Amino acid sequence: MLSSYRLERIPQEPGLQAWNAADELLLKRDIELCTGQILLLNDSFGALAVTLADKELCWWNDSAMAHDALKLNCATNQVRLPIVNHQFPEQAEIDTVIMHLPKSLNFFAWQLEQIQQCLTNTGSVLLLGMVKHISKGHIELMTRYFSNINPGRAEKKARVIQLTDPIPHSESKASHYAIESLNTDFTQLPGCFAENNADPGALVFIDYLKTRANFNAALDLGCGNGVLSVALTQASQTAAITLIDESQQALNSAKANLCHAKTTNRLRFIHSDGTNALGSDELFDLIVCNPPFHQGFSLTEKIAHKLFSDAHKHLTSQGEFWVVANRHLPYYSDLKKRFGRVALKSKHPKFNVYFCQL
Ligand code: SAM
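This write-up is about the structure you can find in this document. None of these values were measured; they are calculated from a predicted model. (Residues numbered from 1 in each chain as written. Predicted model: local features only at pLDDT ≥ 70, side-chain atom pairs only at ≥ 80, totals over all residues. Heavy atoms only, no water.)

### Quick look at the overall build of the protein
The cut-off we apply is this: Think of it this way: any DSSP run of H or I at least four residues long counts as a helix, any run of E at least two long counts as a strand, and we number them from the N terminus. Values of the radius of gyration come from C-alpha atoms, whereas the globule rule sets the reference at 2.2 Å times the count of residues to the power 0.38. Relative accessibility under 20% of the residue-type maximum defines a buried residue, over 50% an exposed one, and the middle range a partly exposed one, all with a 1.4 Å probe and only protein chains included. The contact criterion used throughout is that any non-hydrogen atoms of two residues lie within 4.5 Å. Surface accessibility follows the Shrake-Rupley procedure with a 1.4 Å probe radius. Residue values consider only the protein chains on display as shielding.
Per the secondary structure count, the protein includes 10 helices and 18 strands. Computed over its C-alpha atoms, the radius of gyration of the protein comes to 21 Å, within 12% of the 21 Å expected for a compact globule of 358 residues. In the protein, which comprises 358 residues, the share counted as buried stands at 54%. When contacts within the protein are restricted to residue pairs at least 6 apart in sequence, those whose partners lie at least 24 apart make up 68%. Approximately 16300 Å² of the protein is accessible, and the part contributed by carbon and sulfur atoms is 50%.

### Digging into the side chain of Ser236
Worth spelling out the cut-off: Two N or O atoms count as a polar contact when they lie within 3.5 Å, although within protein this holds only if one can serve as hydrogen donor and the other as acceptor, and sequence-adjacent residues are included solely when both atoms are side-chain atoms.
Turning to its location among the elements, Ser236 is positioned in the loop between α7 (227-235) and β11 (240-245). A polar contact is formed between the side chain of Ser236 and the backbone nitrogen of Thr238, at a distance of 3.3 Å. Not counting chain neighbours up to four residues away, the residues in contact with Ser236 comprise Phe215 and Asn265.

### Some words on the packing of aromatic side chains
So the rule is basically this: When two rings of Phe, Tyr or Trp (its six-membered ring) have centres within 6.5 Å they constitute a pair, described as stacked for plane angles under 30 degrees, edge-to-face for angles over 60, and tilted for the intermediate range.
Counting across every chain of the model gives 11 aromatic pairs. For the ring pair Tyr208 and Trp322, a centre distance of 6.2 Å and an interplane angle of 40° mean the geometry is tilted. Separated by 114 residues along the polypeptide, Tyr208 in helix α6 (residues 200-209) and Trp322 in strand β16 (residues 315-326) bring together distant segments of the chain. Judged by relative accessible area, which is 23%, Tyr208 ranks as partly exposed. Since its relative accessible area comes to 3%, Trp322 is described here as buried.

### Considering the pattern of salt bridges
Rules: Basic side-chain nitrogens of Lys or Arg form a salt bridge, by our definition, when they fall within 4 Å of a carboxyl oxygen of Asp or Glu.
Within this structure, the stated rule accounts for 10 salt bridges. Among the ionic pairs, Lys306 bridges to Asp310, the shortest N-O distance being 2.9 Å. You can see Lys306 and its partner Asp310 sitting in helix α9 (residues 302-313), 4 residues apart, about one turn around the helix. With a shortest N-O distance of 3.5 Å, Lys313 and Asp310 are connected by a salt bridge. On the criterion of helical spacing, the pair formed by Lys313 and Asp310 is a turn pair, its members being 3 residues apart in helix α9.

### Notes on the sheet that holds strand β12 (residues 266-271)
Basically, it comes down to this: When DSSP finds two or more bridges between a pair of strands, those strands are recorded as paired. Lines fitted to the C-alpha atoms define the axes, with helices restricted to the stretch that makes contact. Angles between their N-to-C directions range from 0 to 180 degrees.
An order of β12-β11-β10-β13-β16-β18-β17 is seen for the 7 strands of this open sheet, with the pairing classed as mixed. The two strands at the open ends of the sheet, each matched to only one other strand, are β12 and β17 (341-344). For this sheet, the mean angle separating the axes of adjacent strands, direction not counted, is 15°. Lying on the sheet, helix α8 (residues 248-260) is in contact with β11 and β12; it crosses β12 at an angle near 165°.

### Considerations on the pairing of strand β2 (residues 56-60)
Rule in force here: Handedness of a crossover is defined as follows: orient the strands so they point away from the viewer, and if the path from the first strand over the helix to the second runs clockwise, the crossover is right-handed.
Most of β2 is tucked away, with 4 of its 5 residues classed as buried. For strand β1 (residues 37-41) and β2, the ladder comprises 5 bridges, and the chain directions are parallel. Looking at the pairing, Gln37 lines up with Glu56 of β2. In this sheet, strand β3 (residues 83-84) lies alongside β2 in parallel orientation, the contact comprising 2 bridges. Note that in β3 the partner of Cys58 across the bridge is Ile83. Read from β2 through helix α3 (residues 64-76) to β3, the crossover connection turns out right-handed.

### Here we look at the sheet that holds β3
Reading across the sheet, the 7 strands line up as β3-β2-β1-β4-β5-β7-β6 and stay open at both edges, with mixed pairing between neighbours. Each edge of the sheet is formed by a strand with only one pairing partner; in this case those strands are β3 and β6 (146-150). Summarising the sheet, strand β4 (residues 94-100) and strand β5 (residues 119-130) pair through 6 bridges and their orientation is parallel. Residue pairing for β5: Val97 is matched across the bridge by Val125. Sheet strands in contact with helix α4 (residues 105-118) are β1, β2, β4, β5, β6 and β7 (158-166), and its direction is about 155° off that of β5. On the sheet, helix α5 (residues 136-145) packs against β5, β6 and β7 and is oriented at approximately 130° with respect to β6.

### Re the packing of α4 against α5
Selection criterion: Here roughly perpendicular refers to angles of 65 to 115 degrees, roughly parallel to angles under 35, roughly antiparallel to angles over 145, and oblique to all remaining angles. Two helices crossing with the near one rotated counterclockwise from the far one by less than a right angle form a left-handed crossing, whereas a clockwise rotation gives a right-handed crossing. Residues are grouped as follows: Ala, Val, Leu, Ile, Met, Phe, Trp, Tyr, Cys and Pro are nonpolar; Asp, Glu, Lys and Arg are charged; every other residue, Gly included, is polar.
Contact geometry for α4 and α5: axes closest at 10 Å, N-to-C directions at 20°. It follows from the interaxial angle that α4 and α5 lie roughly parallel. In the crossing of α4 with α5, the sense of the turn from one axis to the other is right-handed. The residues of α5 that touch α4, namely those facing Leu105, Phe108, Ala109, Leu112, Glu113 and Gln116, are Gly137, His138, Leu141, Met142 and Tyr145. Classifying every residue of the contact of α4 with α5 gives 7 nonpolar, 3 polar and 1 charged.

Pasting the structure below:
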């Protein structure tokens, strides 16, 4: 059924589809459970929004790439866009929640709490996941938030689990830790990158960024909790800094952390897939990036390549692009293809720090 639509991933990834066996199972076996007002969560490429377009749908996703894929796939298949929510409904008006299982347990708990606020008394949650991704921790959370759990029969290594009869409960929380080298405390909202510990690559990278000077406009591409921008504010108190992340939870964490750091810098926070939301004439004399190599449960180099291409478009002629990456990731050749000068600056056993110029 899904294969009869034209559905694309963002970024495109040869060999990977814009849906999985759990979506197919829902549509084949459990479609009659999808009734009333439906809330679609974590539908990464809008595949369910397209196939269920004749139903009463609203849609929520933390990811800017997912928003772009939703628009693209609805337009290609000429179906109407669902109502796109930027916040969860505050009243109990949702009869069915269809959600893909998120990776982070704390984010899952947070989403179950939001669902409890908006689900009607007789409503149900249909939780979609691949068997290998449903951990003991996910199952324990389901049992703490719902009294009835029907795991259904697995097919093609996928499950649709039905949850009914919510138990009022709340255990998700923002995480907190200090980064000594920045003498700063950080807060992460559920689902933000480096939720429980600072990223070791970022910790190595900070030492290179703290010594940058004489820059006026910096871009933190994939800012996460804003750790690299905090380092930049310590390098220059006057530079303007633009922080971009495709995750709203990350961006909100970065806002909280930069606000807490009480900087004098001019700051902008943008929810976007790379620099898609920036004008082509916006240039920066310093761009920093600790690129992701995962998208949900999948490994990918495609996002890093897009961020490198975006950095190339928005760098001034004398500007500097700094990148940190795990040593095993083969980024040197891609950087070399795009930038005139690429130098490896670190001798760290686990992380490469690259310096690039046009
Ligand atoms: N800069 C932070 C640090 O050093 O700890 C976070 C780095 S983390 C490895 C990568 C970040 O990029 C994540 O916060 C992720 O949400 C974000 N990201 C992933 N894909 C993105 C995209 N296409 N555009 C913008 N940000 C993206």
